[in-house]
Structures are given as C-alpha cells and as structure tokens.
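# Structural features, examined
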Amino acid sequence: MVEFNPLGRLVPPLPAPQYSDVDILLASNSPRRRELLGLIVPHFEVAPSKEIEESYPPTIAPDDVPAFLSQLKASAYKSDIKAGQLLITADTVVILDGKIMGKPQGCDEAIEMVRALAGRTHTVVTGVTLSSLSGKRNDTFSEKTDVTFAELTDEEIEQYVLRFKPYDKAGAYGIQEWVGAAAIQGIAGCFYNVMGLPLHALYTHLKEFFR
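Residues numbered from 1 in each chain as written. Predicted model: local features only at pLDDT ≥ 70, side-chain atom pairs only at ≥ 80, totals over all residues. Heavy atoms only, no water.

### Some thoughts on the nonpolar core
Within soluble globular proteins, side chains that are nonpolar generally end up buried alongside one another. Residues Tyr173 and Leu202 are the most contacted members of the largest nonpolar core, which totals 44 residues. Each residue touching leucine 202, except ones within four places of it in the same chain, is listed here: Leu37, Ile40, Val128, Leu130, Phe141 and Leu197. (Core = buried A, V, L, I, M, F, W, Y, C linked by side-chain atoms within 4.5 Å. Buried < 20%, exposed > 50% of the residue type's maximum accessible area, 1.4 Å probe, protein only. Contact = heavy atoms within 4.5 Å.)

### Overview of a nonpolar patch on the surface
A cluster of nonpolar side chains, Leu39, Ile187, Phe191 and Tyr192, forms an exposed patch at the surface whose accessible area comes to about 340 Å². Summarising the element assignment, phenylalanine 191 is placed in helix α6 (residues 191–195). Here phenylalanine 191 falls in the partly exposed class, since its relative accessible area comes to 35%. (Patch = residues over 30% accessible without salt bridge, like charges linked within 9 Å, V, L, I, M, F, W, Y side chains within 5 Å. Areas by Shrake-Rupley, 256 points an atom, 1.4 Å probe, with all protein chains shown as cover. Salt bridge = Lys/Arg side-chain N within 4 Å of Asp/Glu carboxyl O. Helix = DSSP H or I, 4+ residues; strand = E, 2+ residues; numbered from the N terminus.)

### What to know about helix α2 (residues 65–76)
For α2, which comprises 12 residues, the first-to-last C-alpha distance of 17 Å matches the rise-based estimate of 16 Å (1.5 Å per residue) to within 8%. For α2, every residue scored as buried is listed here: Val65, Pro66, Ala67, Leu69, Ser70, Lys73 and Ala74. Looking at the buried positions of α2, the neighbouring elements they touch are β5 (85–96), β6 (99–101), β7 (121–132) and β8 (137–149). (Expected span 1.5 Å × (residues − 1).)

Following this line, the structure appears as structure tokens:
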C-alpha cells in the first residue's frame, strides 16, 4: 500500500533489514515481543507454540542463562525450519544479587519480588538466537540493562501487584506499566531489552545475518 504525507509526498517504507527472500518466524507467546519485533520487522509470522522445559545446568552463570535458553528453544524448532526461513527465539531474566528472579507463582510471591527490587539496582538480561537453514546457521547474543528502582511503600507495591497482576513477567514487573512511569529512577542500557527484546542489538544482528 502506497502512503502519502499531508504534503502529498510519498512516504518511504520504514528502514528494515533486506529480507525480501526470507520468511521471519518469531517463536514466542509473548504479546510484548510480538509488538516489539513489529517495530523493526514489518512482516513476520508467529511460529506454532511448543512445550519446552526451560531448565538449565546449575553451573551456568546467571548472565549466560538467557542465551542458553534461547538456544534451547531454537533447538526445539530445528527440524521445522525450512530453506528461506529465519527463526527468532528469546528469553529474558531478572538478576538481583547474582540470583535469577523468575516469574511469580502468585500474588504473595509477586509482592515479595517487587519489595526485593525496591530501592535497588538489578540487571535484566535477554538472550536471542537467530536460526536458519534447518538450524545449520545460527547467531546467539545477549544484551544487559541495569534498572534502578526507587524506594516503594508496601501499599504502593501491593496496589501495583493487585492492579496489574504481573504474574507472567520475570521479576514481577513490566517497565511499560505503572512501575516504569512512577517507580524506576533510571536505566543503563536498552529500554526495550527490559520489555523482552533488545531491538537495537537485534536490528544490528539481523542486518549482519542477511549479508
């Protein structure tokens, strides 16, 4: 579809990696990742969901876990990738005091997680794997972002958890929600990485992948 701006000038398409002969697949159930990928890749499909046990050896350093899990997810689709397709898999973790904070199992655990983050700086790490040609070619990378929370009262924490129910989010919070607007003092690194997909790094790696 051809677009024109109010001055009648042709609106060019958004800059994007040259992938006209490649079908990009995103293997993720996260609506946030789908929305984010659409900012840099205008056209992609969502790969069919698969049950994958997201476990990792205890000897792996916390910072390396997301990359390991993104590769694990990619391996589950290895036999499904066809010529001309590129698969994107990703995993995000929140790390505080050298320990991974997963997704809370319920309200009480979510409150405890946010309470632990309040007034502290933690690290969000996302691992991404690009796979193509039946898994014969792949590229795995990680991105880190430091996030600093302001002090929060118990009432603020409880109201946030009860209102937003962040049970599907690592560390029990979403930076795009109230926490990001009112309780995060600052971030060092990629903002979108905290949401689940490091867009600048991904855009750069996609350009290299298609060369």
